[in-house]
Amino acid sequence: MGTITSDLATNLITAAIALSALTIVSLVALRGWRDWIQLKREELAAGHAPAAQDAAVPHAGSRIEIADLKERLRKLEAIAAGVDL
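Keep in mind it's a predicted model, so treat the numbers as computed, not measured.

Draft legend 1. Region of the structure containing the packing of aromatic side chains. What the rule picks out here adds up to one aromatic pair. A ring pair is formed by Trp33 and Trp36, whose centres lie 5.5 Å apart and whose planes are at 25 degrees; its orientation type is stacked. In this pair, Trp33 and Trp36 both sit in helix α1 (residues 2-47), three residues apart, roughly one turn of the helix. Residue Trp36 is classed as partly exposed on the basis of its relative accessible area, which comes to 43%.

This is the structure we're talking about:
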């Protein structure tokens, strides 16, 4: 009869330790998740703030768009002039 009680106590202790470890890991993961979400919120908020760069220097995306528009204009002018590209 002593081995059954001993096995039951061992199983209960093992289950309690496993549950405690799972709780700790879950809480740490939740804290990390919340901190990561806060970091992303701060990054998004910083991205919507006015840029600290020089107003004379255009943004890289706008430079690409301007280059694309110039290329299209050049092609249209060539078509209007009858030049075959």
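Structure shown, so let's carry the discussion forward.
Draft legend 2. Inspection of helix α2 (residues 60-81) at higher detail. Taking 1.5 Å per residue, 22 residues should reach 32 Å; α2 reaches 32 Å between its end C-alpha atoms and fits that length. Just downstream of α2 lies Gly82, where phi reads positive at about 85 degrees.

Draft legend 3. Here's a closer look at the pattern of salt bridges. For the structure shown, the criterion picks out four salt bridges. Here Arg31 makes a salt bridge to Asp35, at a shortest N to O gap of 3.4 Å. With Arg31 and Asp35 both in helix α1 and four residues apart, the pair spans about one turn of that helix. Judged by relative accessible area, which is 57%, Arg31 ranks as exposed. The class of Asp35 is partly exposed, set by a relative accessible area of 43%. Its salt-bridge partner being Glu43, residue Lys40 comes within 3.3 Å of it at the nearest N-O pair. Here Glu43 and Lys40 lie together in helix α1, a separation of three residues that amounts to about one turn.

Conventions adopted
- Residues numbered from 1 in each chain as written.
- Predicted model: local features only at pLDDT ≥ 70, side-chain atom pairs only at ≥ 80, totals over all residues.
- Heavy atoms only, no water.
- Phe/Tyr/Trp six-rings, centres within 6.5 Å; stacked < 30°, edge-to-face > 60°.
- Helix = DSSP H or I, 4+ residues; strand = E, 2+ residues; numbered from the N terminus.
- Buried < 20%, exposed > 50% of the residue type's maximum accessible area, 1.4 Å probe, protein only.
- Expected span 1.5 Å × (residues − 1).
- Salt bridge = Lys/Arg side-chain N within 4 Å of Asp/Glu carboxyl O.

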